2 protein chains.
Amino acid sequence: MLSKNTVKFIKSLQQKKFRKQENAFFVEGAKNVTELLLSDFTITHLLFTEKYLSDQQDLIDRSKGEKIKSSPKELKSLGIFSSNEQALAVASIKPNTSLEIRPGELVLALDDIRDPGNLGTIIRIADWYGIKKILLSPETADVYNPKVLHASMGSFSRLAFEYVDLNSKLRDSSVPIYGAFLEGISIHDFEGVPEGILLMGNESHGIREDLKNLVTQKLTIPGFGAAESLNVAVATAVLCDNLRRLSK
Amino acid sequence: MLSKNTVKFIKSLQQKKFRKQENAFFVEGAKNVTELLLSDFTITHLLFTEKYLSDQQDLIDRSKGEKIKSSPKELKSLGIFSSNEQALAVASIKPNTSLEIRPGELVLALDDIRDPGNLGTIIRIADWYGIKKILLSPETADVYNPKVLHASMGSFSRLAFEYVDLNSKLRDSSVPIYGAFLEGISIHDFEGVPEGILLMGNESHGIREDLKNLVTQKLTIPGFGAAESLNVAVATAVLCDNLRRLSK
């Protein structure tokens, strides 16, 4: 049975303030919940419908935390989805630890990416292109925002995140730092080793001034038409694809 | 002065039913309005604030249609934006004409792309990669939906669209038809002429069965991580980038 206190607790996690206070977050929908159950996150509550139970009996049995059979209507009332026929899970937020960037590794650094949908899509793209670590400026959207987690399609569970002052972190790093600029070398002509940090800037203002000087290789996505720019998530994907192509 | 009738008329255009009935649509915000004024669309109403007037006096002077000085508050009340300090324009919808696909040309075909944000982002990507024509299945979102126009960042004004039964259109075409599949040739290895139709399928179900057989070249975006798929707009961009790379 879903208690009033649990309802209140889960609903409060829609807000960053309460996620921080409770050190907890939730995910919704079969795909995200399944990925969470398969990850090393600590599950504290698992809410599931009859349908999810019949599909994922084993996963539910093996899960830790309080298990609560719920109706689709109850699940819908807790989250941001317009319908949720399957499941919702609450887990503990992982501590914000310092990520070491190893030689040969490609990581992302996100400077002031404000839109949760963009951040979630970027996490999914990173997971597609085998990126395991993302550095985020403190102004960037919260990874544990339900909209971010939804757009990431479960990929958030396979990546490590560090909210950090990018200027200090990048200044202290010895790996190449790539950034997208209008006056860089065309990514179609660039030949190099795809390792280091790919820095992506704010949706409207791009990479901020004090970080620009830290970029060791300016890259440009060649345009063939009249659009002035690409969406930041789309640009991240095109850059990752071109860099990964060099791994062959 | 903004009349009650004009307010009612513009607000009604948020709904497809009324856009169709009135053969009209609106765009919001400086960027989209400016692009619309620079295009060959027929403007019927131009609403602008003091700020837009001081920035774009010439464009306003040259514009056709009824010109109405408005407040940011009035503009906000008409559209879907949470704020609009600049402008809103109403224009006539262009007739849905049959698009001819010429040799050497790259065009997009969208099968059942339901999300307005995805469609708008794809239009912006097409414009970046020099694609001038988009074929859309009747189930695909409406190009003139305010959310689509917003996400397209003005790019919609430079492209031609045809809503059409894709099966007939593609069957009658003699150009190559590309589609993204899990079992295609890696786009990193593909060498060919980037001309023809790039077919993109529904967000959840991909390309529908009866269209699959019409694809002459199956392409795959190689993955390097664990994500199961990419967002359809992101995949469109990566495919376009890889095809345009072959133009060099």
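Residues numbered from 1 in each chain as written. Chains lettered and ligands numbered in written order. Predicted model: local features only at pLDDT ≥ 70, side-chain atom pairs only at ≥ 80, totals over all residues. Heavy atoms only, no water.

S.K.: Sorry if this is basic, but what is going on with the sheet that holds strand β6 (residues 133-136) of chain B here?
M.R.: Neighbouring strands of a sheet are bound in pairs by backbone hydrogen bonds; such pairs are parallel or else antiparallel. Residue and element names in this part refer to chain B. In spatial order, the strands read β7-β6-β5-β9-β8-β10; together these six strands make up an open sheet with parallel pairing. The two strands at the open ends of the sheet, each matched to only one other strand, are β7 (160-163) and β10 (217-220). Strand-to-strand twist in this sheet, taken as the mean axis angle between neighbours without regard to direction, amounts to 35 degrees. The pairing of strand β5 (residues 106-110) with β6 spans three bridges and is classified as parallel. (Pairing = 2+ DSSP bridges. Helix = DSSP H or I, 4+ residues; strand = E, 2+ residues; numbered from the N terminus. Axes fitted to C-alpha atoms, helices over the stretch in contact; angles between N-to-C directions.)

S.K.: Please clarify how the interface of chain A and chain B should be interpreted in this entry.
M.R.: Buried accessible area, meaning the area lost when the parts come together, often serves as the stated size of an interface. Facing 33 residues of chain A, the contacting portion of chain B comprises 33 residues. Carbon and sulfur atoms make up 57% of the surface buried where chain A meets chain B, a total of about 3100 Å² over both sides. Our count for the chain A to chain B interface comes out at two salt bridges. Note that A:K31 and B:E228 form a salt bridge whose closest N and O atoms lie 3.0 Å from each other. (Contact = heavy atoms within 4.5 Å. Buried area = accessible area lost by both parts, 1.4 Å probe. Salt bridge = Lys/Arg side-chain N within 4 Å of Asp/Glu carboxyl O.)

S.K.: Help me out: how do you make sense of the packing of aromatic side chains in this one?
M.R.: Pairs of aromatic rings are described using the distance from one ring centre to the other and the angle between the two planes. If you walk through the whole model with that rule in mind, you get twelve aromatic pairs over all chains. Relative to A:F156, the ring of A:F25 lies with its centre 6.0 Å away and its plane at 90 degrees, an arrangement referred to as edge-to-face. Taken together, the positions of A:F25 in strand β1 (residues 24-28) and A:F156 in the loop between α7 (146-152) and β7 (160-163) put the pair 131 residues apart, joining distant regions of the chain. Exposure remark for A:F25: the relative accessible area of 0% places this residue in the buried category. Relative to B:F224, the ring of A:Y129 has its centre 6.2 Å away and its plane inclined at 25 degrees; by these criteria the two rings are stacked. A residue pair is termed interchain when its members come from two chains, as with A:Y129 in the loop between α6 (116-128) and β6 (133-136) and B:F224 in the loop between β10 and α10 (232-245). Relative accessible area serves as the criterion here: at 0%, A:Y129 is assigned to the buried category. The lysine or arginine in question, B:K94, covers the ring of B:F41, its NZ or CZ lying 4.3 Å from the ring centre. The ring of A:F224 carries B:R244 above its face, with NZ or CZ at 5.9 Å from the centroid. (Phe/Tyr/Trp six-rings, centres within 6.5 Å; stacked < 30°, edge-to-face > 60°. Buried < 20%, exposed > 50% of the residue type's maximum accessible area, 1.4 Å probe, protein only. Lys NZ or Arg CZ within 6 Å of the ring centre and 35° of its normal.)

S.K.: For this particular structure, what's the right way to read unusual backbone geometry?
M.R.: What is expected of a backbone is that most residues other than glycine have negative phi and most peptide bonds are trans. Of note in the backbone geometry, A:N23 takes a positive phi value of approximately 55 degrees without being a glycine. Take A:N23: it is sitting in the loop between α2 (16-22) and β1. One non-glycine residue with positive phi stands out, namely B:M153, at about 50 degrees. Within the fold, B:M153 resides in the loop between α7 (146-152) and β7. Note on B:M153: relative accessible area 31%, which makes it partly exposed.

S.K.: How do you make sense of the domain arrangement of chain A when you look at a structure like this?
M.R.: Residues and elements named next belong to chain A. Along its sequence, chain A is carved into domain 1 (4-92) and domain 2 (106-245). Opposite the 15 residues of domain 1 that make contact, domain 2 presents 13 residues. Summing the contributions of domain 1 and of domain 2, the shared interface buries around 1200 Å²; its carbon and sulfur component is 65%. Counting the surface domain 1 buries against domain 2, the share from its top three residues, R19, N32 and E35, is 35%. Connecting domain 1 to domain 2 are two salt bridges. Here domain 1 and domain 2 share five residue pairs in polar contact (both at pLDDT 80 or more) between them. Of all the secondary-structure elements, those providing two or more residues to the side of domain 1 that touches domain 2 are α2, β1 and α3 (30-37). (Domains from an automatic or database assignment. Polar contact = N/O pair within 3.5 Å; in protein donor to acceptor, adjacent residues only side chain to side chain.)

S.K.: Teacher, can you tell me more about the pairing of strand β3 (residues 66-69) of chain B here?
M.R.: Successive residues of a regular strand alternate their side chains across the two faces of the sheet. The pairing of strand β2 (residues 43-48) of chain B with β3(B) spans four bridges and is parallel. Among the inter-strand pairings, B:H45 is bridged to a residue of β3(B), identified as B:E66.

S.K.: What should I look at first to understand the UniProt feature "domain: MRM3-like substrate binding" (unreviewed entry) in chain A in this one?
M.R.: Within this structure's numbering, the places UniProt gives as "domain: MRM3-like substrate binding" (unreviewed entry) are residues 5-78 of chain A. Helix makes up 58% of residues 5-78 of chain A and strand 20%, and the two end C-alpha atoms of the span are 12 Å apart. (UniProt positions renumbered as here; feature names shortened; annotations may be inferred.)

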